[in-house]
2 protein chains.
Amino acid sequence: MNKVRLGLIGVGTVGRGVFDVLNRNREEICRRTGYEIVVSAATARDLKKARGFLGPTIKLHEDPLDVVRDENVDIVIELVGGVTTARSVIEASIALAKPVVTANKALIAEHGNELFALAKISGSIVAFEAAVAGGIPIIKSLREGLTANRIQSVAGILNGTTNFILSEMRARGLSFQDALSDAQRLGYAESDPTFDIEGIDAGQKLAIIAALSFGIPIQAERVYCEGITQLTEGDIRAAEDFGYRVKLLAITKRRANGFEMRVHPTLVPHDCVIASVDGAMNAVLVRGDAVGETLYYGAGAGAEPTASAVIADLVDVIRLQGVAACAQVPYFAFQTDRLSDVPILDMGEVECSCYLRVRVRDESGVLANIAGILAEQGVSIEVMRQRESNGSHAGVDIVIFTHKTNERSINHALKKIDALDSVVEKPVRLRIETF
Amino acid sequence: MNKVRLGLIGVGTVGRGVFDVLNRNREEICRRTGYEIVVSAATARDLKKARGFLGPTIKLHEDPLDVVRDENVDIVIELVGGVTTARSVIEASIALAKPVVTANKALIAEHGNELFALAKISGSIVAFEAAVAGGIPIIKSLREGLTANRIQSVAGILNGTTNFILSEMRARGLSFQDALSDAQRLGYAESDPTFDIEGIDAGQKLAIIAALSFGIPIQAERVYCEGITQLTEGDIRAAEDFGYRVKLLAITKRRANGFEMRVHPTLVPHDCVIASVDGAMNAVLVRGDAVGETLYYGAGAGAEPTASAVIADLVDVIRLQGVAACAQVPYFAFQTDRLSDVPILDMGEVECSCYLRVRVRDESGVLANIAGILAEQGVSIEVMRQRESNGSHAGVDIVIFTHKTNERSINHALKKIDALDSVVEKPVRLRIETF
C-alpha cells in the first residue's frame, strides 16, 4: 500500500475536522485513491491540547516551519488563521517543492499572485479549494468544469454569517442587531463580526473567483464592499412585498470595458434558485456563454465541510505528484502567460436597477420633486409607490424601483433628494439583480 | 502553438453545439489550455448538410470508424444517438488508444462497465461528463470534488422534459396531457416521449451516478422506474396545500444492507432548494458525511450546455494525454480493484414517508376502515384529512401523510384499501423525501 504523510499546521476547528474525516473515512478514501493517508507531524498553538487530540504517535513541532522541513512530511496542510505564519509556511513548502493545501482565503486574496508565481517556478503545488465557499467544489467547477465557457458573471452568497442574519431578519422580523446577537449566540458570528458583516470576507473570496473566472490577477483591494449593517427589517419586508428577497451578494461581471467586482445587499427575485438559499449556507451562481446558468450550493464554513474541500485538494495533489506542470490545472484556470490586464471598473461605472426608499413628510409636491430629480439624472422609474406608514414614525415612505441605471447618476440623484426639505431621513438605496 | 485535432462523429444538435462553442471561444479556450483545438475530420448521417455546416476544410468520412482511424485525429468526440454505432466507435477508439469523449448516457449506462475495463487495459480515456445532467459538472464534482466523503445519498432532477411538465402543471393548473403537449410544441419533449415521461432516461443517469458515488458497477437494469403519466393536477395541488412540491426525483441511498436506486414522482418540502428548480432545468443534491448537503444546478440538455460538458472533458483529456494512468481519475471514482459488491436493494426494501389519496363514497366508517388497514400493516399516520370535493366527481378524497414506512407494508395496505367497497378509485401513493 502506498502511503502519503501529511504535516498538519493548525489543529483548530478545521484542523480537527481534517483529522477526524481522514480517520473516519480512511477506508473509503483509500478505495478511491489507492493511498493510505496519515498525519505524521503537526503543530498547534497549544501543543498539549493538540497532543490530547491527535494521540501519541504524531510528531509535534513547536515551529510550523519544522513541520514543513520534517522529512517524514510529503504534503503540507496549512490551516492557521492570519497571513503572517501562513505565508511563511507556504513559502517554505514551495521552496522545498512540497505540495501545500491551504484553506486560507485572506492569504490567497492578498498574496496569491506572488505565491502562485513562486510555486510555478519551483514546480510545487498550492491548492486552495477550501478558501472559497467551504465544502462547495467551486474552484474545481470554475477551473475545470466550465472550461468551454466565456464566463459572463458570477454572483455568490459567499458568507454564511450574513446569510444567516438576513434569513433570520426575514423569517422572524428581527432587527439587524437582534439577528446578529442570535448569530453570535449560536456560534455563526464571531464576537467581533466586522469582517463578515461589512462584506470584507465575501470580497476576498470574490476577488479569487473573479481571477479564476476571467483569467485576471487577484485584486482584492479593488472590490467594492458594502455590508448589511444599515439594512432594516422594513426594507426587507418592502422588498418581499414586491417579490424580492435581500441577499448579500458578491458579484463579478464581464463588461465591454472591464470587470465589475462588488459586494452589497442585493434584491433578487424570490423565485430564483439563489433566493431560496437560507441560513448559513453558501451558493455560487455562474453564468457562462455556453452552459448558461449553473449554481453550486452547500455549507460555506464549518469543520467538516471545509475539511471536505481540503481533502479533495489533497487527493488531487496526491494524484498529480510528479506529473509535469503542463498536465496540471493552471492556478488561475488560464495559462499564466495569458492572463488579461483588462481593468476592474470603478463602482461609478456599475449599472444596476435599484430599490429606493425615501421617507418624506406627507406634503403635496414631494413625489413630483423626487420624480423630477430622477428624471434630471436620467434615472428611469419602473414603479413608484407610497407605502403605508406603520404609525411609529413621522412621515411616509416612498418606494421606487428604477430601471437599469449608472451608479454615478443614481448617486447624484440621491444626494439631491436627500437635500430636499420634505425628506426626513437619508434615502435608502438597494441594488437589484435578476438572473 | 500546440494543436489538438478532433474527429467529430455526429453533427446533430450537440455536434453543432460543440463545433459552434469551439469556434466562438477558440481564443478563450486557448488562453485556458495553451492548445489550439481544431476539428479535422467528421461524419454525419447527412454528409451534404454536414459539409454546409462545417465548411470546406474538414475531411468528411462516410464510415464513423474511418474518423476514428484518421491519422489526423488525436481525440474522438462521439455524439451519435443509440448504442450500436456509438459502441463500435468507442471500442475502435480504445483499440487505437485514442481518447474519446462521449455524451451518450444510454451507452454508458448499458455498456460502461465493459468499456471502462477495455479502456483501462489499452490506456485510453473514455470521458462522459455530458452523459449526466448536461452542462452541470456533476461527474467531476462526484469523482473529484467530494473525494473526502462517504456519500450517503444523491437525489436529482435529471430529466428536463418531465421537470418542465411538472412545473407547467403546477404553475398553470394543466393536466399531464396538456402540459406534455405544450412541452412537445416547445421542443422540450419528443414526439414519442416514453423514454422521458416513464423515468427511463433519469434511471440511466441515476445508475451512472450511483456507480460513481458508491464505487459499485453500473446497474441500470436494477433501477426502479415510475414515471409521471399517472400524476394529476389535483394531487399536485393537494401536495402544495400541505407545503410540498412534486418533482420526478432520481434517488440513490446508502443503507445498511445495500443501495437504493429509484426514480419516481416525489413530494419535497416547498422551501428546500431543489423544490425551487423549475422549467427544463436539472439539479443534483448530494449528501456526503463530511460536506453535508451540496447541490448542483444547471441546464441538463440543449446544444450548448451539453457542448460545455463535452469540451470540459476534452480539455481534461488534452491535459492528461500521456500522463500515467495512476495520475488519472479512476472511472468509477474508486480504484477498479476496489469496487464494492454490496447489492442494490429491491424496491420492497425501500422506506419512505408517503402521501396517499383515497377517493371514497362519503359514508360513515370509511375513515376508520382505512385507518384500521394502515394500522394492521404497521403504517403510522402523521396526518389524515378529508379534502373538499370540487363537485365534478363522485365521492370525497381522503388525504393521508404517513410516517416512514417499508414499501412492502404500504403496498399491502393499498391493495386492501383498494378492495374496500366504499373506495371508488385506485388509491394514489406518492413518496416523500425531506432533505
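Since we're looking at a predicted model, the values are computed, not measured.

### Let's talk about the relation of the copies chain B and chain A
Taken as rigid bodies, chain B and chain A are interconverted by a rotation of 180 degrees and an axial shift of 0.0 Å, the fit giving an RMSD of 0.0 Å. On the angle and the small slide along the axis, the relation comes out as a two-fold axis. Minimal C-alpha distance to the rotation axis in chain B is attained by Y296 of chain B, lying at 2.4 Å.

### Concerning the interface of chain B and chain A
Opposite the 64 residues of chain B that make contact, chain A presents 64 residues. Contact between chain B and chain A buries roughly 5200 Å² in total, counting both sides, with carbon and sulfur atoms accounting for 49%. When the area that chain B buries against chain A is broken down by residue, the three leading residues are R31, R32 and R319 of chain B, summing to 17%. Its salt-bridge partner being R338 of chain B, residue E27 of chain A comes within 2.6 Å of it at the nearest N-O pair. Counting the contacts that link chain B with chain A gives 33 residue pairs in polar contact (both at pLDDT 80 or more). For the side of chain B that touches chain A, the secondary-structure elements that each account for two or more residues are α1 (13-24), α2 (26-33), α7 (138-145), α11 (200-214), β12 (292-299) and α13 (303-320) of chain B. The element best represented in the side of chain B that touches chain A is α13 of chain B, accounting for 10 residues.

### Considering empty space enclosed by the protein
Residue and element names in this part refer to chain A. Counted by the stated rule, this structure contains four cavities of 30 Å³ or more. Estimated volume of the largest cavity: approximately 60 Å³. In this structure, the largest cavity is lined by L166, S167, R170, I236, R245, V246, K247 and D278. Only α8 (160-172) and β9 (244-255) provide two or more residues apiece to the lining of the largest cavity.

### A look at helix α14 (residues 366-376) of chain A
Residues and elements named next belong to chain A. Every buried residue of α14 is listed here: V366, I370, I373 and L374. Viewed along the axis of α14, the buried residues span an arc of 100 degrees, placing them on a single side of the element. Those residues of α14 that are exposed and angled more than 90 degrees off the buried face are A368, A375 and E376. The inward-facing, buried residues of α14 contact β13 (351-360), β14 (381-387), β15 (396-402) and α15 (407-418). Trailing α14 by a residue or two, G378 shows a phi angle of about 75 degrees, which is positive.

### Examining the packing of aromatic side chains
The final tally for this structure, using the stated rule, is 19 aromatic pairs over all chains. Measuring from ring centre to ring centre gives 4.6 Å for F242 of chain A and F401 of chain A, while their planes differ by 45 degrees; the resulting arrangement is tilted. You can see F242 of chain A sitting in the loop between α12 (233-241) and β9 and its partner F401 of chain A sitting in strand β15, a full 159 residues away along the chain. Given a relative accessible area of 3%, F401 of chain A falls into the buried group. Seen from their ring centres, Y296 of chain A and Y296 of chain B are 6.4 Å apart, and the 75 degrees between their planes marks the pair as edge-to-face. Of the two residues, Y296 of chain A sits in strand β12 (residues 292-299) while Y296 of chain B sits in strand β12, which places them in two different chains.

### Focus on the environment of R170 of chain B
Residue and element names in this part refer to chain B. The residue R170 is located in helix α8 (residues 160-172) in this model. Taking C-alpha positions, R170 is 37 Å from G10, a pair spaced 160 residues apart along the chain. What R170 contacts, discounting residues up to four positions off in sequence, is I236, E240, R245 and D278. A distance of 2.8 Å separates polar atoms of two side chains, one belonging to R170 and the other to E240.

### Thoughts on the sheet that holds strand β3 (residues 59-60) of chain A
Residues and elements named next belong to chain A. Here we have six strands laid out as an open sheet, ordered β3-β2-β1-β4-β5-β6, and parallel in their pairing. The two strands at the open ends of the sheet, each matched to only one other strand, are β3 and β6 (126-127). Sheet topology places strand β4 (residues 75-78) next to strand β5 (residues 100-102); three bridges connect them, and they run parallel. Paired with E78 across the strands is T102, a residue of β5.

### Quick notes on the domain arrangement of chain A
For chain A, the assigned domains are domain 1 (2-127), domain 2 (138-299) and domain 3 (351-432). On a C-alpha basis, the centres of domain 1 of chain A and domain 3 of chain A stand 53 Å from each other.

### Describing the environment of K247 of chain A
Residues and elements named next belong to chain A. Here K247 lies in strand β9. Spatially, the C-alpha atom of K247 lies 7.4 Å from that of A275, the residues being 28 residues apart in sequence. In this structure the side chain of K247 is engaged in a polar contact, spanning 3.4 Å, whose partner is the side chain of D278.

### Focus on the nonpolar core
One finds I138 of chain A together with I138 of chain B to be the most contacted residues of the largest nonpolar core, which totals 228 residues. Contact partners of I138 of chain A, with chain neighbours within four places excluded, come to E129, V132, A133, V284, V286 and Y296 of chain A. Judged by nonpolar contacts, the second largest core, of 32 residues, contains V273, L285 and Y297 of chain A together with V268 of chain B.

### A word on the pattern of salt bridges
Where charged atoms of side chains with opposite charge meet at close range, the side chains can pair. Residues and elements named next belong to chain A. Under the criterion given, the structure shown has 75 salt bridges over all chains. Here E304 ties to R24 by a salt bridge, and the two come within 2.9 Å at their closest N and O atoms. Placement of E304 in helix α13 (residues 303-320) and of R24 in helix α1 (residues 13-24) is noted, with a sequence separation of 280 residues between them. As a salt-bridge pair, D316 and R319 come within 3.6 Å of each other at their nearest N and O atoms. Highlighted residues: D316 and R319, both in helix α13, separated by three residues, approximately one helical turn. Relative accessible area serves as the criterion here: at 9%, R319 is assigned to the buried category.

### Description of the pairing of strand β7 (residues 151-157) of chain B
Residues and elements named next belong to chain B. Burial runs high along β7: six of the seven residues are buried. As paired elements, β7 and strand β11 (residues 281-288) share six bridges and run antiparallel to each other. Its bridge partner being in β11, G156 is matched across the sheet by V284.

### Considering the sheet that holds strand β6 (residues 126-127) of chain B
All names here are of chain B. The strand order β3-β2-β1-β4-β5-β6 describes an open sheet built from six strands, whose pairing is parallel. For this open sheet the edge positions go to β3 (59-60) and β6, each flanked by a neighbour on one side alone. Contacts from helix α5 (residues 84-95) reach β1 (2-9), β4 (75-78), β5 (100-102) and β6, with the element oriented near 170 degrees to β4.

### Details of the confidence of the model for chain A
The predicted model of chain A averages 95 in pLDDT, with 98% of residues at 70 or higher. Reported for the predicted complex are a pTM of 0.97 and an ipTM of 0.96.

### A word on α1 of chain A
All names here are of chain A. In this model, α1 (12 residues) spans 16 Å end to end at C-alpha, consistent with the 16 Å of a helix rising 1.5 Å per residue. Here α1 has its buried residues at G15, G17, V18, F19, V21 and L22. Contacts from the buried residues of α1 go to β1 (2-9), α2 (26-33), β2 (35-43), α3 (47-54) and α13.

### Observations regarding the state of the cysteines
Here, disulfide denotes a covalent bond that connects the sulfur atoms of two cysteines. Residues and elements named next belong to chain A. Per the counting criterion, the structure on display carries zero disulfides over all chains. As a non-bridged cysteine, C354 has C352 as the owner of its nearest cysteine sulfur, 5.9 Å distant. With relative accessibility at 1%, the residue C354 sits in the buried group.

### Looking at the packing of helix α6 (residues 105-122) of chain A against helix α11 (residues 200-214) of chain A
Residues and elements named next belong to chain A. One can describe the packing of α6 onto α11 by two numbers: an axis separation of 9 Å at closest approach and a directional angle of 55 degrees. When the interaxial angle is binned, α6 and α11 end up oblique. Between α6 and α11 lies a crossing of left-handed hand. For the pair formed by α6 and α11, the contact residues are K105, A106, I108, A109 and E110 on the first element and D201, Q204, K205 and I208 on the second. Classifying every residue of the contact of α6 with α11 by side-chain character gives four nonpolar, one polar and four charged.

Criteria and cut-off values
Residues numbered from 1 in each chain as written. Chains lettered and ligands numbered in written order. Predicted model: local features only at pLDDT ≥ 70, side-chain atom pairs only at ≥ 80, totals over all residues. Heavy atoms only, no water. Least-squares fit on C-alpha atoms with pLDDT ≥ 70 in both. Contact = heavy atoms within 4.5 Å. Buried area = accessible area lost by both parts, 1.4 Å probe. Salt bridge = Lys/Arg side-chain N within 4 Å of Asp/Glu carboxyl O. Polar contact = N/O pair within 3.5 Å; in protein donor to acceptor, adjacent residues only side chain to side chain. Helix = DSSP H or I, 4+ residues; strand = E, 2+ residues; numbered from the N terminus. 1 Å grid on protein atoms, 1.4 Å probe; cavity = no way out; pocket = protein on both sides within 12 Å on 5 of 7 lines; lining within 4 Å. Points joined across faces, edges and corners; volume = space filled by probe spheres on them. Buried < 20%, exposed > 50% of the residue type's maximum accessible area, 1.4 Å probe, protein only. Arc of directions from axis to C-beta. Phe/Tyr/Trp six-rings, centres within 6.5 Å; stacked < 30°, edge-to-face > 60°. Pairing = 2+ DSSP bridges. Domains from an automatic or database assignment. Core = buried A, V, L, I, M, F, W, Y, C linked by side-chain atoms within 4.5 Å. Axes fitted to C-alpha atoms, helices over the stretch in contact; angles between N-to-C directions. pLDDT = per-residue confidence, 0-100. Expected span 1.5 Å × (residues − 1). Disulfide = S-S within 2.5 Å. Parallel < 35°, antiparallel > 145°, perpendicular 65-115°, else oblique. Left-handed = near helix turned anticlockwise from the far one by under 90°. Nonpolar A, V, L, I, M, F, W, Y, C, P; charged D, E, K, R; others polar.

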